[in-house]
Amino acid sequence: MDNMSKEEYHASNLYRIRHSAAHMMAAAVLEKFPEAKIAIGPPIENGFYYDFDLPRTLTQEDLEEIEARMRELIAERVDFEYEEVSPDKARELFSDQPYKLELIDDILEQGTDEYGEKKDEEPTLSIYRSGGFIDLCRGPHVENSNRIRPKAVKLLSVAGAYWRGDADRPMLQRIYGTAWASPKELREHLKWLEEVKKRDHRKLVKQLDLLSFHEEAGPGLAYWHPRGAMMRMIIEDFWRDRHMAGGYDFVVTPHIGKSWLWETSGHLDFYKESMYSPMDVDGQDYYLKPMNCPFHILIYKTSLRSYRELPLRWAELGTVYRYEKSGVLHGLMRVRGFTQDDAHIICTPDQIESEILRVLRFSLALLRAFGFEEIQAYLATRPEKAVGDPARWEQAQESLKRAINAEGLAYEVDEGGGAFYGPKIDLHIKDALGRLWQLTTIQFDFNLPERFDMTYVGEDGLEHRPYMVHRALLGSIERFFGILVEHYGGAFPVWLCPEQARIIPIADRHIEYARQVEDQLREAGLRVSTDSSSSRMNAKIRDAQLMKIPYMLIIGDREVEAGQIALRMRSGARPGAMSVEDFVALAQAAVKDRALE
RNA sequence: GCCCAUGUAGCUCAGUCGGUAGAGCACUUUCUUGGUAAGAAAGGGGUCAUCAGUUCAAAUCUGAUCAUGGGCUCCA
C-alpha cells in the first residue's frame, strides 16, 4: 500500500497523525477509566496502539464507546503542545502513573527513550499536552487535532501485551487502532484487511481440501490430503529437478539421533527447550531431529576429504520436529513438524565467494519460478558474542555483500544481527498483498565444523577446516505452501494446481465422450477429472469455480458431435469450442510458462 | 508459556430465562438430462470439545483439561 522506508515513515505526516491518534485514544480511555494506568502508545505499521492497565477486561462495546469518544475529542481541535520538563516536574505530573515513572527513571538513568531504545543525546524529558491529557513523549505530533480526520480513525482490536515486552512483567491490555490521512484511505485499508482475511490459508486449505490439523492427534502437525499432497509433490519434484541441474547431490538421513549427536552439536546446550523430549531406546536417549545439519556432517566424516572433491553441495528435504510453544502455533506458518528444503555447502576458503553467489542466484531463480518477483535481502553480521575466527567472519560477510551487489538486490544490513555461529543473508519476498515473508536463509556456520572437527586435506597435504554454509531456500515446505496459498488466494498457477481441468458433461449421455477426453488429457500429462454427478451443469461449474480449477471443459451434444470441448476459464472467460488437441497445447503452454491460466 | 475470546452435524452457523437440539450447504435415494456460478422432493446424520461439579433437570451455570483464534514473549 505504501512503499515508504522506515525513515520516511517516521518523518511522515501520517506517522504524526497515528501517534497523536494514540494520545487521543488514551485520553478517551482515561475518561472512561480514571483509575487506568497508561503505559506506551506508539505508531506502528498501518496504525498505532496504546497499552493500558485497566480494572477490567475490555469488551467490544467498550471499544466502540472509546472510538466514538475519541472521535469527539479529535473534533474538539485541541493543540498538541510540546514542553521539556525537569525530572522533578515529570515525576510530579505522573505521580499516579507507575509505568510512566519507570520510563522517566529509565530515560534518565540509561539514556533510553520511552520505547526502551538507546539514544545518544543528553537525556531530556518531554511531555505533550493535548486538551486535558498529558503524556510523557518525545513526539512528534500534529500541531492540532484538526489534522486528524475523525472518520479516518478506527479501533481494531484488544489483545494482551506484557509491560515492556517482558514475560515476567504485568500483562497489559493493548488496543490496536488504525489511522489514515483520509477516510478514503481508511476504507482502502479496511478493504485490504478484508482481503487478507479472505486469503487466510487456514480457511483456504480447508475449502480447497488441501490439508487438515487434528486436535486429537496433536497441534501443529499437518495432514496432507490428496489435493494438498499432489501440490506438495509437484513443488518437491520441481525443487529436486532444479537442484539436480544446479549441481547438488542428495542425501537422506534419519529422523532421530542419540543424545551424543546433540551434545556434540551443542543443540542440547542451546536449543533444548525447542526440542521434543527424548525417548528411551535400550537405555539410550534418542531425540527427534530439530535440524538436519549434524546428520549431514556425519556423512561428511565417513571419509577423509580432499580439497579436490570440494565444494560439496548436499541437499535434503529433511523433516524436522521442533517444540514450539502452544501459543505461537499458527496454521502452516508455525508448526511443530515441518520439512526444510535444506542443503549444506562445504567448501574451501577460496571457493566461498563463488559458492555464495551461486546459491544466491539459484535461490532467486527458484523464488521467481513460484511467482515472487519482488525480493529484498537482509544481511546480518557478527554479534558481540560469537564463535569462530574473526577473519573468517570478515571474509564471509564480504562474500555475502558482494553476492548481493552482484545480483543488484536491494538490501539492509542488520549490524550484529547474525547468529553467534555465523553471518547470514535472508531473502524476503513480497506477496500479492504487499506483505513481506522471509523465505530463504543462507547462513554460515563456524560452530559445527569445529564441534564435529570437520576437516579436508589441502593442496599442502595438511588438514584444514572447511567452510560450511547452511541454506534453506523455501524455508519450510509447510510454511512456503501457506504463503503460496495466500499469495494466489487459492487460484494457483496451472502447473501447481492439483486438478488442472474438470470435464463437465451436460447430460449423462455425454459422459462416455467425456471419459475419452479425460483419457486423452491424462495421456498428455494433465491432471483432470470428470464430474459425472447428477447435478446440473450450472452446479458443476459452480463446484469447479469454488475449487478454483483453472479449466472447465463443457461437453454437450454440440461438442460430442464435433469432437470438441467448450472451454471455460476460472477467470470467467469463455474461449468456447476447440479441439482437444488445441486445448492440450494451450494447457501445456500454461504449465511450461508457469502461467496463471 | 502468558492475557483475552471461542469450541453445537462433514462445512458455515442459530439456539431466549437451565426443561436432554435446529437451519443452509454437503451426503444418500428418487424425480429431473440441462448450454456457462446452486433444479426439486424425501431421508440419514449430534455423548452440544473432554472430564468433573452444582441442580429434580445442564448445550446453557462453575471448575479443570484439550484445541482454535487475536496478541505478547520466543524463534541458538
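All values derive from a computational prediction rather than experimental measurement.

**Brief notes about the packing of aromatic side chains**
For any pair of aromatic rings, geometry is given as the distance between the ring centres together with the angle between the planes. Across all of its chains, the model carries 24 aromatic pairs by this definition. Centroid distance phenylalanine 270 to phenylalanine 420: 5.2 Å. Interplanar angle 35°. Geometry classified as tilted. Taken as a pair, phenylalanine 270 in helix α10 (residues 267-270) and phenylalanine 420 in the loop between β18 (410-414) and β19 (424-430) lie far apart in primary sequence, 150 residues in all. Seen from their ring centres, tyrosine 276 and tyrosine 321 are 6.5 Å apart, and the 75° between their planes marks the pair as edge-to-face.

**Observations concerning the domain arrangement of chain A**
Looking at the assigned domains, one finds that chain A contains domain 1 (6-198), domain 2 (211-253 + 292-488) and domain 3 (494-592). Taken over C-alpha atoms, the centre of domain 1 sits 56 Å from the centre of domain 3.

**Some remarks on the pairing of strand β15 (residues 312-321)**
Counting buried positions over the 10 residues of β15 gives nine, a clear majority of the element. Where strand β11 (residues 249-250) and β15 come together, two bridges link them in parallel fashion. From the neighbouring strand, aspartate 249 faces β15, where its bridge partner is tryptophan 314. Note: β15 against strand β16 (residues 337-347), 10 bridges, orientation antiparallel. What sits directly across from tryptophan 314, in β16, is histidine 344.

**Considerations on the pattern of salt bridges**
Scanning the entire structure with this criterion turns up 43 salt bridges. Here glutamate 353 makes a salt bridge to arginine 402, at a shortest N to O gap of 2.4 Å. Taken together, the residues span a long stretch of sequence, with glutamate 353 in helix α12 (residues 352-369) and arginine 402 in helix α13 (residues 390-406) at a distance of 49 residues. The exposure class of glutamate 353 is partly exposed, given its relative accessible area of 31%. With its nearest N and O atoms 3.0 Å apart, the salt bridge here joins arginine 435 to glutamate 486. Remark: glutamate 486 occurs in helix α15 (residues 477-488) and arginine 435 occurs in the loop between β19 and β20 (436-444); sequence separation between them is 51 residues.

**Some points on the protein's contact with RNA strand B**
Near RNA strand B you find 49 residues, and of these Tyr162, Ile506, Asp508, Arg542 and Glu559 are the closest. Near the protein, within 4 Å, the atoms of RNA strand B are sugar or phosphate in 47% of cases. Taking glycine 327, its main chain carries an N or O atom lying 3.3 Å from a base nitrogen of RNA strand B. One of the side-chain nitrogen or oxygen atoms of histidine 330 is found 3.5 Å away from a phosphate oxygen of RNA strand B. For the surface near RNA strand B, the secondary-structure elements that each account for two or more residues are β7 (153-162), β8 (171-179), α7 (201-207), α10, α17 (537-546), α18 (557-562) and β27 (564-569). The element contributing the most residues to the surface near RNA strand B is α17, with seven residues. Class assignment for the residues of the surface near RNA strand B results in 22 nonpolar, 12 polar and 15 charged.

Rules behind the numbers
- Residues numbered from 1 in each chain as written.
- Chains lettered and ligands numbered in written order.
- Predicted model: local features only at pLDDT ≥ 70, side-chain atom pairs only at ≥ 80, totals over all residues.
- Heavy atoms only, no water.
- Phe/Tyr/Trp six-rings, centres within 6.5 Å; stacked < 30°, edge-to-face > 60°.
- Helix = DSSP H or I, 4+ residues; strand = E, 2+ residues; numbered from the N terminus.
- Domains from an automatic or database assignment.
- Buried < 20%, exposed > 50% of the residue type's maximum accessible area, 1.4 Å probe, protein only.
- Pairing = 2+ DSSP bridges.
- Salt bridge = Lys/Arg side-chain N within 4 Å of Asp/Glu carboxyl O.
- Near = heavy atom within 4 Å.
- Polar contact = N/O pair within 3.5 Å; in protein donor to acceptor, adjacent residues only side chain to side chain.
- Nonpolar A, V, L, I, M, F, W, Y, C, P; charged D, E, K, R; others polar.

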